[in-house]
Amino acid sequence: MSSLPLSDLPGSLPACPAPVSPAAPTRSLFAPALLVRHALTLLPLLLIGAWAAADWRTVRDGAARLASADPWWLLAGLFFTCMGWVVAALVRQGAIPDRLPPGLLLASQFAAGAANHVLPASIGAHAVTLRFLQSQGVPLARGTASLALYSLVKPVAKTVVLLGFLIAFPELLHLGELVPDERTLILVAAGVVAVVATAAVLVTTVRPLRRPLLGFVRTALTDARILHTRPSRVLALWGGATATPLLQASVIASVGFALGLPLSWTQVTLALLLASTAVGAVPAPGGIGPVDAALVFTMVTFGAPMGLAAATVIGYRVLTVWVPLLPGALVLSIMVQRKIL
């Protein structure tokens, strides 16, 4: 090692560069995840605008008829509409063992109503609810099982209500036009058998589907057993599912009374139960379309004029779909933006 002084070296030593700290990551406004979140925030509003443009005539005619209706009955219909969201939140809570925050749960169902009227077969409402459950720490298997239980309990409860009305009011059993013929019943039975058989074949032959499906079934059965040992959950689940068609019928009856519909609440309720049972399985957004046509036909069968029955259904859709659609979409966008969904 040389003992020469450093000052005798030709030139000076280069200065050692200062350590460079890694730059803090900057959040780009064009990050893919951020763009996707903004797109999801605006998507409900864009879908509503497209739907309004495509169905503007219905909105205009319904709004014009509601403008000349009795405002007090319309206010009653709006009250029953709001109660429908409360009951939907109760049924959702009753279908899952986990305790959910009531305020956020109610807001999620209000937002799910907007999504339900855009996508068919309740896909939108189920997707919003499942995302909300996951944000609350509910595992995917349990959340999916709660959706299955919710979807099973609602038609069962509606069938029980329909049978109760038919037993309580036997004078309405003479409506032979509303009973499906033998060919329709055979087609429905064949469809049910085909669905069950297809599911059985897939589970038997496709091994990758077997384990997750069996796990889902075990979770669903376990949760259903736990829920039915809690009286509060049973009341929320079955009581809410039973009250749902009655609230919907109350909205229709309120709109009908506001327009002068010559039917009683019992007749309107039975008309809705029969119409939704007959064509409720048709995958339409929010049931709009097939259920509307069947409901008009059923009310005409009960003795309502065709024009007044159609106006009642249009007013019902305006009150339950178009009036809360924009606020529901805004709530949906806010919940997506705040990462609640």
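Please read all numbers here as calculations on a predicted model, not as lab measurements. (Residues numbered from 1 in each chain as written. Predicted model: local features only at pLDDT ≥ 70, side-chain atom pairs only at ≥ 80, totals over all residues. Heavy atoms only, no water.)

**Focus on the overall build of the protein**
Item 1. Along the protein, the regular secondary structure elements total 12 helices and 0 strands.
Item 2. Residues counted as buried form 36% of the 341 residues belonging to the protein.
Item 3. If you take every contact in the protein between residues at least 6 apart in sequence, the share linking residues at least 24 apart comes to 75%.
Item 4. Of the accessible surface of the protein, which amounts to about 19,400 Å², a share of 72% is contributed by carbon and sulfur atoms. (Helix = DSSP H or I, 4+ residues; strand = E, 2+ residues; numbered from the N terminus. Buried < 20%, exposed > 50% of the residue type's maximum accessible area, 1.4 Å probe, protein only. Contact = heavy atoms within 4.5 Å. Areas by Shrake-Rupley, 256 points an atom, 1.4 Å probe, with all protein chains shown as cover.)

**Side note on the packing of aromatic side chains**
Item 1. Per the counting criterion, the structure on display carries 5 aromatic pairs.
Item 2. A ring pair is formed by Trp-73 and Phe-257, whose centres lie 5.0 Å apart and whose planes are at 65°; its orientation type is edge-to-face. Here Trp-73, found in helix H3 (residues 71-94), pairs with Phe-257, found in helix H9 (residues 231-259); they are 184 residues apart in sequence, far enough to count as distant.
Item 3. On the basis of relative accessibility, which here comes to 36%, the residue Trp-73 falls in the partly exposed class.
Item 4. Their ring planes at 75° and their centres at 4.7 Å tell us that Trp-85 and Phe-110 sit as a pair that is edge-to-face. Note that Trp-85 is positioned in helix H3 and Phe-110 in helix H4 (residues 102-116), a separation of 25 residues in sequence. (Phe/Tyr/Trp six-rings, centres within 6.5 Å; stacked < 30°, edge-to-face > 60°.)

**As for the pattern of salt bridges**
Item 1. Tallied over the entire structure, the rule returns 3 salt bridges.
Item 2. In this structure, Asp-98 engages Arg-142 in a salt bridge whose closest nitrogen and oxygen atoms are separated by 3.2 Å. Taken together, the residues span a long stretch of sequence, with Asp-98 in the loop between H3 and H4 and Arg-142 in helix H6 (residues 140-168) at a distance of 44 residues.
Item 3. The salt bridge partner of Arg-317 is Asp-292, with a shortest N-O separation of 2.9 Å. With Arg-317 in helix H12 (residues 306-337) and Asp-292 in helix H11 (residues 290-301), this pair connects stretches of sequence that are 25 residues apart.
Item 4. For Arg-317, a relative accessible area of 10% gives the class buried.
Item 5. The class of Asp-292 is buried, set by a relative accessible area of 13%. (Salt bridge = Lys/Arg side-chain N within 4 Å of Asp/Glu carboxyl O.)

**Description of H6**
Item 1. If you check H6, its first and last C-alpha atoms are 42 Å apart, about what 29 residues at 1.5 Å a residue would give, namely 42 Å.
Item 2. Taken residue by residue, H6 has Gly-143, Ala-145, Ser-146, Leu-147, Leu-149, Tyr-150, Val-153, Ala-157, Val-161, Leu-162 and Phe-165 as its buried positions. (Expected span 1.5 Å × (residues − 1).)

**Some remarks on unusual backbone geometry**
Item 1. One non-glycine residue, Lys-339, lies in positive phi territory at about 65°.
Item 2. Looking at the element boundaries, Lys-339 is found in the segment after H12.
Item 3. Residue classification places Lys-339 among the exposed positions, given a relative accessible area of 56%.

**Brief notes about H4**
Item 1. End to end, H4 covers 20 Å across 15 residues, agreeing with the expected 21 Å (1.5 Å per residue, within 8%).
Item 2. Taken together, the buried positions of H4 are occupied by Leu-105, Ser-108, Gln-109, Phe-110, Ala-111, Ala-112, Gly-113, Ala-114, Ala-115 and Asn-116.

**Describing the packing of H4 against H12**
Any two packed helices are characterised by how steeply their axes cross, that is the angle between the axes, and by the distance between the axes.
Item 1. For the pair H4 and H12, interaxial distance at closest approach is 7 Å and the crossing angle is 120°. Relative to H12, H4 is oriented oblique. The way H4 lies across H12 gives a crossing that is left-handed. Listed contacts from H12 to Leu-104, Ala-107, Ser-108, Phe-110, Ala-111, Ala-114 and Ala-115 of H4 are Pro-324, Leu-325, Pro-327, Gly-328, Ala-329, Val-331, Leu-332 and Met-335.
Item 2. For the contact of H4 with H12, the residue count by class is 13 nonpolar, 2 polar and no charged. (Axes fitted to C-alpha atoms, helices over the stretch in contact; angles between N-to-C directions. Parallel < 35°, antiparallel > 145°, perpendicular 65-115°, else oblique. Left-handed = near helix turned anticlockwise from the far one by under 90°. Nonpolar A, V, L, I, M, F, W, Y, C, P; charged D, E, K, R; others polar.)

**Remarks on the confidence of the model for the protein**
Item 1. Of all residues in the protein, 68% attain a pLDDT of 70 or more, and the chain-wide mean is 78.
Item 2. Mean pLDDT across the elements of the protein bottoms out in helix H1 (residues 32-54) (55) and peaks in H9 (95).
Item 3. Across residues 20-30 the pLDDT falls below 50, and counting only partners more than four positions away or on other chains, this stretch makes 5 contacts in the model. (pLDDT = per-residue confidence, 0-100.)

**Side note on the nonpolar core**
Item 1. Leu-261, Leu-263, Leu-295 and Met-299 are the most contacted members of the largest nonpolar core, which totals 36 residues.
Item 2. Among the elements of the structure, H6, H9, helix H10 (265-279), H11 and H12 are those that each provide at least two residues to this core.
Item 3. In terms of residues, this core owes the most to one element, H12, which gives 9 residues.
Item 4. Those residues in contact with Met-299 that lie beyond four places of it in its chain are Leu-261, Leu-263, Ala-271, Ala-304, Ala-309, Thr-312 and Val-313.
Item 5. Leu-100, Ala-111, Phe-132 and Val-138 belong to the second-largest nonpolar core, a separate cluster that totals 17 residues. (Core = buried A, V, L, I, M, F, W, Y, C linked by side-chain atoms within 4.5 Å.)

**Regarding the environment of Val-255**
Item 1. Residue position: Val-255 is located in helix H9.
Item 2. It is 9.0 Å that separates the C-alpha atoms of Val-255 and Ala-311, two residues lying 56 residues apart in sequence.
Item 3. Ignoring sequence-local partners within four residues, the contact set of Val-255 consists of Leu-66, Leu-74, Thr-312, Gly-315, Tyr-316 and Leu-319.

**What to know about the environment of Ala-114**
Item 1. Its location among the elements puts Ala-114 in helix H4.
Item 2. Ala-114 gets classed as buried once you look at its relative accessible area, which sits at 7%.
Item 3. Measuring from C-alpha to C-alpha, the distance between Ala-114 and Pro-324 comes to 7.7 Å, with 210 residues separating the pair along the chain.
Item 4. Ala-114 has contacts with Leu-325, Gly-328 and Ala-329, leaving out every residue within four places of it along the chain.

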